[in-house]
Amino acid sequence: MDSGRQRTCKRVCVTYFLSFVLLSAFFYYLMAHNSRNNAGLSRLREDVDDISHMLRQQQMESKDAHISGGEPKGLGMGTGFGSGRCDNREVNAYVDTLFKRKIGHLMDDVYNLKKQMKSAECSARGDQSKSAKSESVSVAKARINYASEELGARIINVDARPIGGSNVIRTLLGLDFCANPPVNMLRPSLSPGSCFGFSGSRATVTLHLAKSIDVEVIALTHVAREMTPSLCVKSAPKDFDVYGLTADKSKRELLGQWTFDNAANRRTQSYSVHNDHFFRRLSFQFNSNHGANSTCIYRIEVFGKL
């Protein structure tokens, strides 16, 4: 028993000693590394001071030379400085470059501010001319998009073929549309690729609105041709139907059958709905596109009244 305790004590002592040695070595390394960093910073600070002194001396000599009509003495830098002479044009070019760098962003801000002021002035003049023509000007109310993800709308069901195919594992993990998820239709972004993409031209999407509303207008938006890498918008939807679903999903009512004509000057197209019922779930059935092998739905908007 005594020999076992002695061996244990020896192991503990050796462990403590090794730990102390390692910690001492680590702290020594940190101190040495910190000393090297401080030395490097000191050298850098000295270099910066030397450069600043040389630039000040160069400017003073150039001013003196300009006043006296002579030429300043060089500092031994570059082509013109190695011979002991300094060209005023080089100094002026250097000062101009420094000046442009310092106030370039200020000029941009002034230009943008001037542009905004002109736009505001033009819009104000347009409003004044409209009010002069008609005293009874109807103020348009801001419409609320109840198909916005930010307000609580969501996708509850998708029946479509994923681009690139699918398998059991991807379906179980919900990764069939991970590259171009259906929720992109409910987001305001219209950057190329930020859409709900599916293979072919047929798909059915069930949408849960933020509120139960009397649907009045449905809008569909597709990205402009100039924003696509291939300058092609054939993947835009063409014929589609919209149905209103009851709360228990037992019935559905056709709200309209429309066509997105893919006109270059009408990237957002609105469709009026004539209906007297309130719905919170809508089913969008896309039946065709404009000739592509896959379809992209960029944005869906639903407007109505509570």
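As the structure is a prediction and not an experimental result, all values here were calculated from the model.

Cut-offs applied
All residue numbers refer to position in the chain's written sequence, counted from 1. At least 70 in pLDDT is required for a residue's local features to be given in this predicted model, at least 80 for side-chain atom pairs to be given and counted, and no such filter applies to totals for whole chains, interfaces and linings, which use all residues. Heavy atoms from the whole structure form the basis of all side-chain values; hydrogens and water molecules are not counted. Under the DSSP-based scheme used, a helix requires at least four consecutive residues in state H or I and a strand at least two consecutive residues in state E, with every element numbered from the N terminus. A 1.4 Å probe rolled over the protein chains alone gives each residue an accessible area, and that area as a share of the maximum for its type sets the label: buried under 20%, exposed over 50%, partly exposed in between. The contact criterion used throughout is that any non-hydrogen atoms of two residues lie within 4.5 Å. In short, Shrake-Rupley with a 1.4 Å probe defines the accessible areas, and a residue's cover is counted only from the protein chains shown. In this analysis, rings of Phe, Tyr and Trp, with Trp reduced to its six-membered ring, are considered paired at centre separations within 6.5 Å, and the interplanar angle assigns stacked below 30 degrees, edge-to-face beyond 60, and tilted for intermediate values. The criterion is that NZ of a Lys, or CZ of an Arg, lies within 6 Å of the ring centre and within 35 degrees of the ring normal, and then a charge sits over that ring. With a 1 Å grid laid over protein atoms only, a set of points is called a cavity when a 1.4 Å probe fits there but cannot get out and a pocket when it is open yet has protein on both sides within 12 Å along at least five of seven lines; lining residues have an atom within 4 Å of a point. Grid points are joined across faces, edges and corners, and a volume is the space filled by probe spheres set on the points. Charged means Asp, Glu, Lys or Arg here, nonpolar means Ala, Val, Leu, Ile, Met, Phe, Trp, Tyr, Cys or Pro, and polar covers whatever is left, Gly included. We define a nonpolar core as any set of buried Ala, Val, Leu, Ile, Met, Phe, Trp, Tyr and Cys residues linked to one another through side-chain atoms lying within 4.5 Å. Patch building starts from residues that exceed 30% relative accessible area and form no salt bridge, then joins like charges within 9 Å and nonpolar side chains (Val, Leu, Ile, Met, Phe, Trp, Tyr) within 5 Å. Between Lys or Arg on one side and Asp or Glu on the other, a salt bridge is scored when a side-chain nitrogen of the former is within 4 Å of a carboxyl oxygen of the latter. The term polar contact refers here to a pair of N or O atoms within 3.5 Å; inside protein, the definition further demands a hydrogen-donor-capable atom paired with an acceptor-capable atom, and it admits residues adjacent in sequence only when both atoms are side-chain atoms. Pairing between strands is defined by DSSP: at least two bridges between the two strands are required.

## Things to note about the overall build of the protein chain
Per the secondary structure count, the protein chain includes four helices and eight strands. Put simply, the protein chain runs from its N terminus to its C terminus through helices and strands in the order α-α-α-β-α-β-β-β-β-β-β-β. The buried share of the protein chain, taken over its 306 residues, is 27%. Sequence separation of 24 or more characterises 70% of the internal contacts of the protein chain that already satisfy a separation of 6 or more. Of the accessible surface of the protein chain, which amounts to about 21300 Å², a share of 56% is contributed by carbon and sulfur atoms.

## Re the packing of aromatic side chains
The final tally for this structure, using the stated rule, is six aromatic pairs. Seen in terms of ring centroids, Phe 284 and Phe 286 are 6.4 Å apart; in terms of plane orientation they differ by 20°. Their pairing is stacked. Using a relative accessible area of 1% as the deciding quantity, one classes Phe 286 as buried. Put simply, the rings of Phe 240, Trp 258, Tyr 271, Phe 284 and Phe 286 touch in pairs and so form one group of aromatic residues. Over the face of the ring belonging to Phe 303 we find Arg 143, whose NZ or CZ atom lies 4.0 Å from the ring centre. In this structure, Arg 252 packs its charged tip against the face of Tyr 243, placed 3.8 Å from the ring centre.

## Description of the layout of surface pockets
In this structure, the largest pocket occupies an estimated 180 Å³ of space. Together, 15 residues line the largest pocket, and Thr 228, Ser 230, Cys 232, Ser 235 and Tyr 298 are the ones closest to its centre. In terms of residue class, the lining of the largest pocket is built from nine nonpolar, five polar and one charged.

## Considering the nonpolar core
The biggest cluster of nonpolar side chains holds 31 residues, and the ones touching the most others in it are Leu 282, Phe 284, Phe 286, Ile 297, Ile 300 and Val 302. For this core, the leading source of residues is strand S2 (residues 196–221), giving 10 residues. Leu 282 has contacts with Val 205, Thr 206, Leu 207, Leu 209, Val 215, Tyr 243, Gly 244, Leu 255 and Val 302, leaving out every residue within four places of it along the chain.

## Considerations on a nonpolar patch on the surface
On the surface, Val 14, Phe 17, Leu 18, Phe 20 and Val 21 cluster together into a nonpolar patch covering about 510 Å² of accessible area. Here Phe 17 is to be found in helix H1 (residues 2–68).

## With respect to the pattern of salt bridges
Between side chains of opposite charge, a pair can form as their charged atoms come close. Tallying each qualifying case throughout the model produces three salt bridges. Across the pair Glu 149 and Arg 187 runs a salt bridge whose closest N-O atoms are separated by 2.8 Å. Note that Glu 149 is positioned in the loop between helix H3 (88–133) and strand S1 (154–161) and Arg 187 in the loop between helix H4 (168–173) and S2, a separation of 38 residues in sequence. Here Glu 149 falls in the partly exposed class, since its relative accessible area comes to 33%. Taking relative accessible area as the criterion, Arg 187 reaches 32% and is therefore assigned partly exposed.

## Some remarks on the side chain of Ser 235
Mapping Ser 235 onto the fold places it in the loop between S2 and strand S3 (239–245). Judged by relative accessible area, which is 16%, Ser 235 ranks as buried.

## Some thoughts on the side chain of Ser 288
Tracing the chain through its elements places Ser 288 in the loop between strand S6 (279–286) and strand S7 (294–297). Separated by 3.2 Å, the side chain of Ser 288 and the backbone nitrogen of Asp 239 make a polar contact. Excluding residues within four positions of it along the chain, Ser 288 makes contact with Ser 201, Pro 237, Lys 238 and Asp 239.

## Some remarks on unusual backbone geometry
Phi is positive for Asn 262, close to 60°, though the residue is something other than glycine. Considering the arrangement of structural elements, one finds Asn 262 in the loop between strand S4 (252–259) and strand S5 (268–272). Asn 262 gets classed as buried once you look at its relative accessible area, which sits at 16%.

## Examining the pairing of S6
Counting buried positions over the eight residues of S6 gives six, a clear majority of the element. Pairing geometry for S2 and S6, over seven bridges, is antiparallel. Considered in S6, the bridge of Ala 203 is made with Phe 286. Note that S3 and S6 share six bridges and pair antiparallel.

## Considering the environment of Asn 289
Following the sequence through the fold, Asn 289 ends up in the loop between S6 and S7. Distance in space between the C-alpha atoms of Asn 289 and Lys 234 is 6.9 Å, their sequence separation being 55 residues. Setting aside residues no more than four positions away along its own chain, Asn 289 makes contact with Gly 200, Ser 201, Lys 234, Ser 235, Ala 236, Pro 237, Lys 238, Ser 294 and Thr 295. A polar contact of 3.1 Å, which involves the side chain of Asn 289, links it to the backbone oxygen of Ala 292. Within the local environment of Asn 289, its side chain forms a polar contact with the side chain of Thr 295, the two groups lying 3.0 Å apart.

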